[in-house]
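This is what each chain is made of:
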Amino acid sequence: MLERLLYRSKATNTLGSLHLFNMLSEARAKNASMGITGHLLYTEEVFVQCIEGPPASISSLWESLQRDDRHHDLQLLARGPIEARRYQDWSMAFSSYPSLNRFNMPGFFAVDKEGMNAEAERCAQA
Ligand SMILES: Cc1cc2nc3c(=O)[nH]c(=O)nc-3n(C[C@H](O)[C@H](O)[C@H](O)COP(=O)(O)O)c2cc1C
């Protein structure tokens, strides 16, 4: 059984390339060990994250996320069972401004002028 959870939050401090790179690297290693895949969008100091995986892993990560003071005002947007993953290729795809990809991380998708791209659209779909 698989579950997907979608939330948005506000960054506590403006995050630069190095912080984001380190955060993503740690998140991806942990996600791979928990069977979690997903997508993180970061624009205008707002995060929108979609996580998908086994329900126990989703619950555990959701609790960790709620304790993390790097972001606040977490708003749960959707949570429920799914038939298939949308991000099976990524332990955490990441979309943001091209200027925030100084370290050329894999699984980075640049957003357009509206702060969107195809990966982020897929995340927002009901
Ligand atoms: C916006 C945002 C997204 C995050 N995404 C993930 C993630 O996908 N996977 C992950 O393991 N940790 C992620 N983290 C870090 C977790 O909040 C947490 O620090 C980490 O999972 C370690 O959890 P623990 O302190 O409960 O051991 C994210 C943090 C932030 C601020």
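Look a little higher up for the structure.
Residues numbered from 1 in each chain as written. Predicted model: local features only at pLDDT ≥ 70, side-chain atom pairs only at ≥ 80, totals over all residues. Heavy atoms only, no water.

A few words on the layout of surface pockets. Estimates place the volume of the largest pocket at around 390 Å³. Around the largest pocket, the lining is made up of 17 residues, and of these Met23, Ala27, Leu65, Asp68 and Arg70 lie nearest the centre. Broken down by secondary-structure element, the contributors of at least two residues to the lining of the largest pocket are helix H1 (17–34), strand S3 (46–53) and helix H2 (55–67). A class-by-class count of the residues in the lining of the largest pocket yields nine nonpolar, four polar and four charged. (1 Å grid on protein atoms, 1.4 Å probe; cavity = no way out; pocket = protein on both sides within 12 Å on 5 of 7 lines; lining within 4 Å. Points joined across faces, edges and corners; volume = space filled by probe spheres on them. Helix = DSSP H or I, 4+ residues; strand = E, 2+ residues; numbered from the N terminus. Nonpolar A, V, L, I, M, F, W, Y, C, P; charged D, E, K, R; others polar.)

The next subject is the site of the ligand. Around the ligand sit 15 residues in total, of which Lys30, Asn31, Ser64, Arg67 and Asp68 are the nearest. In this structure, Asn31 approaches the ligand through a side-chain N or O atom, which is 2.7 Å from a nitrogen atom. At a separation of 2.6 Å, an oxygen atom of the ligand approaches a polar side-chain atom of Asp68. Alone, the ligand offers 610 Å² of accessible surface; in the complex the protein occludes 78% of this. Spatially, the ligand is embedded in the largest pocket. (Near = heavy atom within 4 Å. Polar contact = N/O pair within 3.5 Å; in protein donor to acceptor, adjacent residues only side chain to side chain. Areas by Shrake-Rupley, 256 points an atom, 1.4 Å probe, with all protein chains shown as cover. Sits in = over half its atoms within 2 Å of the grid points.)

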